[in-house]
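Listed below are the residues making up each chain.
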There are 2 protein chains.
Amino acid sequence: MHSSAEENYLKAIYKLQEANGEMVATSALAQVLGIHMASVTDMLKKMSAKKLVAYQKSKGFKLTEKGRLAAIGIIRKHRLWEVFLVDKLGFRWDEVHEIAEQLEHIHSQELIDKLDAYLDFPKADPHGDPIPDAKGNFALNKSVLLAALPPGSQGKFTGVTDHSSAFLNYLDKIGLSLGDPVKVKEVEEYDKNYTLMLKGKKAVVVSFKVANSLLISE
Amino acid sequence: MHSSAEENYLKAIYKLQEANGEMVATSALAQVLGIHMASVTDMLKKMSAKKLVAYQKSKGFKLTEKGRLAAIGIIRKHRLWEVFLVDKLGFRWDEVHEIAEQLEHIHSQELIDKLDAYLDFPKADPHGDPIPDAKGNFALNKSVLLAALPPGSQGKFTGVTDHSSAFLNYLDKIGLSLGDPVKVKEVEEYDKNYTLMLKGKKAVVVSFKVANSLLISE
DNA sequence: AATAAAAATTAGGCAAGCCTAATTTTGCAA
DNA sequence: TTGCAAAATTAGGCTTGCCTAATTTTTATT
């Protein structure tokens, strides 16, 4: 079994690879984990020895297949627990991240299998992030950033790329929830503000920063 | 916040005090925690500095009020999670201890409050052990050991003092479940075997060892 | 190619929690 | 009361995962 520290490295490396391509730098990892580079070098040496990551001289490192599967397992646990916290316990979507960060390190395959079944095999967490199945496969979601859509486009709001409480609360405030239909009415050239039509013909104007944090599908 | 190691000490000390009276010995703690005495001495020095336990020269040590409340909080979490695992996820009563040992160390007061409400404020865990409320109070249960009852007595089976899988599975096998009525039909003087009448007029003969692990109320 | 800045690694340390071995303290029996 | 055994503590060490400071390697710029 892996330690919590190792699991946090695995998750962080996985996410960095997702976001920035193949190879991950020591400095990038240090930054997202909030620790010093020397510590990262240390830990990666140990994780290399365990065949969880592979170095490539002066190019960085990446997860091995073993490491990738372990990382997906942790992400699966995190997201299932988030669903539990919101759907069953009644937490708000901006409150669950820290608790799930702890729960994701509980070691019991049977627990996760039963939790998954209890939640009725959800495909996404409360922020729209996809949940891999027990075999590590994601039901692929072909969402795009709202900021990439031209005026006139429409679709369904299915995820966020900014998971901060501040952002999630902002969405609550303008009345935008996961699954809602969204139409891009107008894009102001000058400041890139987006005018959106929401459910119930409600028009809202959001900044590019916001448009760049919303994922749209369909 | 306390570390998992500290929490395990707190829980162990609490249980030893419950079972054997006030003062707890280094050796007893080392034994139940499965570690060496020197390690216990180390840790207790640290926990003393934090005012979680109080030494009494050459008499042993005991929990301070602060330590007692912390211990009860951990026991509360452990038992609530056990209820969740059995009632919601469908685990058997002999399977939940190890998983709850991990879950009890999750730090979030709000999580426990919501879990408690979600489970409808249970008063006992799947083994009949009482669950303290949010203020640390146990709804007192005045159960007695079956082995202390004379022939002819009857009551309800409300708890066990042996939590091993082997014992719990044995109870399943003879068809005895928490809450069932039990009557002591006969006690054999020679070998102290107990003949019990269970639900549906089923008679079973159990050893003294078994009678000594069953708690009866009412 | 020279060199400065950025990235990475090495070296040495620290706290938590455990260990073994050695020593001291305590308690009980003769 | 002595003396031995059990209990407890001290001393020194180890691993994990982090730290700072110093050094080396890489990369980018001129």
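Residues numbered from 1 in each chain as written. Chains lettered and ligands numbered in written order. Predicted model: local features only at pLDDT ≥ 70, side-chain atom pairs only at ≥ 80, totals over all residues. Heavy atoms only, no water.

What about the protein's contact with DNA strand C?
Logical step 1: In the vicinity of DNA strand C, 19 residues are found, and the nearest of them are S27 and M37 of chain A together with S3, H36 and S39 of chain B.
Logical step 2: Each atom of DNA strand C within 4 Å of the protein was classed as base or backbone; sugar and phosphate made up 61%.
Logical step 3: Between DNA strand C and the protein, one listed contact pairs a phosphate oxygen with a side-chain N or O atom of K45 of chain A at 3.0 Å.
Logical step 4: Looking at the surface near DNA strand C, the elements with two or more residues in it are α2 (26-33) and α3 (37-49) of chain A together with α1 (4-20) and α3 (37-49) of chain B.
Logical step 5: In terms of residues, the surface near DNA strand C owes the most to one element, α3 of chain B, which gives five residues. (Near = heavy atom within 4 Å. Polar contact = N/O pair within 3.5 Å; in protein donor to acceptor, adjacent residues only side chain to side chain. Helix = DSSP H or I, 4+ residues; strand = E, 2+ residues; numbered from the N terminus.)

Description of the UniProt feature "domain: HTH dtxR-type" (unreviewed entry) in chain A
Logical step 1: Cross-referencing UniProt, the feature "domain: HTH dtxR-type" (unreviewed entry) maps to residues 1-64 of chain A in the present numbering.
Logical step 2: In the segment residues 1-64 of chain A, helix accounts for 59% and strand for 12%; the C-alpha atoms at its two ends are 17 Å apart. (UniProt positions renumbered as here; feature names shortened; annotations may be inferred.)

Some words on the interface of chain B and chain A
The figure often quoted for interface size is the accessible area lost as the parts come together.
Logical step 1: Across the boundary between the two partners, chain B contributes 20 residues, which contact 20 residues of chain A.
Logical step 2: Applying the counting criterion to the chain B and chain A interface returns three residue pairs in polar contact (both at pLDDT 80 or more).
Logical step 3: The set of elements that each furnish at least two residues to the side of chain B that touches chain A consists of α4 (65-88), α5 (97-103) and α6 (109-118) of chain B.
Logical step 4: Considering each element in turn, the side of chain B that touches chain A owes the most residues, five residues, to α6 of chain B.
Logical step 5: Its residues placed into classes, the side of chain B that touches chain A shows eleven nonpolar, five polar and four charged. (Contact = heavy atoms within 4.5 Å. Nonpolar A, V, L, I, M, F, W, Y, C, P; charged D, E, K, R; others polar.)

A word on the protein's contact with DNA strand D
Logical step 1: Neighbouring DNA strand D are 19 residues; S3, H36 and S39 of chain A together with S27 and M37 of chain B lie closest to it.
Logical step 2: Near the protein, within 4 Å, the atoms of DNA strand D are sugar or phosphate in 61% of cases.
Logical step 3: Between DNA strand D and D42 of chain A, the relevant distance is 2.9 Å, taken from a base nitrogen to a side-chain nitrogen or oxygen of the residue.
Logical step 4: Take T41 of chain B: an N or O atom from its side chain is 3.0 Å from a phosphate oxygen of DNA strand D.
Logical step 5: Looking at the surface near DNA strand D, the elements that each hand over two or more residues are α1 (4-20) and α3 of chain A together with α2 (26-33) and α3 of chain B.
Logical step 6: In terms of residues, the surface near DNA strand D owes the most to one element, α3 of chain A, which gives five residues.

Re the nonpolar core
Logical step 1: Judged by nonpolar contacts, the single largest core of 34 residues is most densely connected at W81 of chain A together with W81 of chain B.
Logical step 2: Looking at this core, the elements that each hand over two or more residues are α4 (65-88), α5 (97-103) and α6 (109-118) of chain A together with α4, α5 and α6 of chain B.
Logical step 3: Look past the residues within four positions of W81 of chain A in its chain and what remains in contact with it is A100, L103, E104, L111, I112 and L115 of chain A together with W81 and L103 of chain B. (Core = buried A, V, L, I, M, F, W, Y, C linked by side-chain atoms within 4.5 Å. Buried < 20%, exposed > 50% of the residue type's maximum accessible area, 1.4 Å probe, protein only.)

Structural notes on the domain arrangement of chain A
Logical step 1: For chain A, the assigned domains read domain 1 (4-63) and domain 2 (144-217).
Logical step 2: Using only C-alpha atoms to locate each centre, domain 1 of chain A and domain 2 of chain A end up separated by 33 Å. (Domains from an automatic or database assignment.)

So, the sheet that holds strand β8 (residues 214-217) of chain B
In any sheet, the strands associate via hydrogen bonds between backbone groups, in a parallel or an antiparallel arrangement.
Residues and elements named next belong to chain B.
Logical step 1: Taking strand neighbours across the sheet as the criterion, the six strands line up as β3-β8-β4-β5-β6-β7 in an open arrangement whose pairing is antiparallel. Of all strands in the sheet, those with a lone pairing partner are β3 (144-145) and β7 (202-206), marking the two edges.
Logical step 2: Of the strand pairs in this sheet, strand β5 (residues 181-187) and strand β6 (residues 194-198) are connected by four bridges, and their pairing is antiparallel. For K183, the partnering residue across the bridge sits in β6 and is M197.
Logical step 3: The sheet strands contacting helix α7 (residues 165-174) are β4 (154-160), β6, β7 and β8, and the helix crosses β7 at an angle near 150°. (Pairing = 2+ DSSP bridges. Axes fitted to C-alpha atoms, helices over the stretch in contact; angles between N-to-C directions.)

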